[in-house]
Amino acid sequence: MVTVESKEVPLTKKEFDLLLYFVSNKNKVISKTAIAEQLSGDVADMFDNYDFIYAHIKNLKRKLQDAGYGNYLKTLYGTGYKWVI
């Protein structure tokens, strides 16, 4: 369960896994490939694009911001993502 200022933030399992992955790798740049492997395991190389990653990250950012949590998840265009605290 994720809470922000004592309010529960409803996350899907993939969003929760993604959040844990970012927090455990804070201040490190994480590539889209690494995120795909984290979310889908060995089948990540079978995807034609990373649209599913973009959707999960967009939803995670929106839910955290709606709950009042700052924008700590930064997009590094052409590189990947970084959780900055």
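Check the entry above for the structure.
Residues numbered from 1 in each chain as written. Predicted model: local features only at pLDDT ≥ 70, side-chain atom pairs only at ≥ 80, totals over all residues. Heavy atoms only, no water.

J.: If you had to explain the nonpolar core to someone new, which residues and values would you point to?
T.: Leu18, Leu19, Phe22, Ile35, Ile57, Leu60 and Leu73 are the most contacted members of the largest nonpolar core, which totals 20 residues. Of all the elements in the fold, those that place two or more residues in this core are β1 (2-4), α1 (13-24), α2 (32-40), α3 (51-66) and β5 (80-83). With residues up to four places along the chain from it excluded, the contact list for isoleucine 57 reads Leu18, Phe22, Ile35, Leu73 and Tyr81. (Core = buried A, V, L, I, M, F, W, Y, C linked by side-chain atoms within 4.5 Å. Buried < 20%, exposed > 50% of the residue type's maximum accessible area, 1.4 Å probe, protein only. Helix = DSSP H or I, 4+ residues; strand = E, 2+ residues; numbered from the N terminus. Contact = heavy atoms within 4.5 Å.)

J.: Which residues make up the packing of α1 against α3, and what values do they have?
T.: Contact geometry of α1 with α3 gives a least axis separation of 10 Å together with a crossing angle of 80°. Of the possible angle classes, the one that applies to α1 and α3 is roughly perpendicular. Residues Lys14, Glu15, Leu18, Leu19 and Phe22 of α1 pack against His56, Ile57, Asn59, Leu60, Lys63 and Leu64 of α3. Each residue belonging to the contact of α1 with α3 can be placed in one class, and the counts come to six nonpolar, two polar and three charged. (Axes fitted to C-alpha atoms, helices over the stretch in contact; angles between N-to-C directions. Parallel < 35°, antiparallel > 145°, perpendicular 65-115°, else oblique. Nonpolar A, V, L, I, M, F, W, Y, C, P; charged D, E, K, R; others polar.)

J.: Quick rundown of the pattern of salt bridges? Include the residues and the values.
T.: A pair can form between side chains of opposite charge whenever their charged atoms are brought close. Counting across every chain of the model gives three salt bridges. The closest approach of N and O atoms between glutamate 15 and lysine 63, which form a salt bridge, is 2.7 Å. One end of the pair, glutamate 15, is in helix α1; the other, lysine 63, is in helix α3, with 48 residues separating them in the sequence. The class for glutamate 15 is buried, based on a relative accessible area of 2%. (Salt bridge = Lys/Arg side-chain N within 4 Å of Asp/Glu carboxyl O.)

J.: Summarise α1; cite the residues concerned and give the values.
T.: With twelve residues, α1 extends 16 Å between its outermost C-alpha atoms, agreeing within 8% with the 16 Å of an ideal straight helix rising 1.5 Å per residue. Where α1 is concerned, the buried positions are Glu15, Leu18, Leu19, Tyr21 and Phe22. The buried residues of α1 occupy one face: seen down the axis, they fall within an arc of 165°. Exposed side chains of α1 directed beyond 90 degrees from the buried face belong to Lys13 and Ser24. Buried residues in α1 make contact with β1, β3 (29-30), α2, α3, β4 (73-76) and β5. (Expected span 1.5 Å × (residues − 1). Arc of directions from axis to C-beta.)

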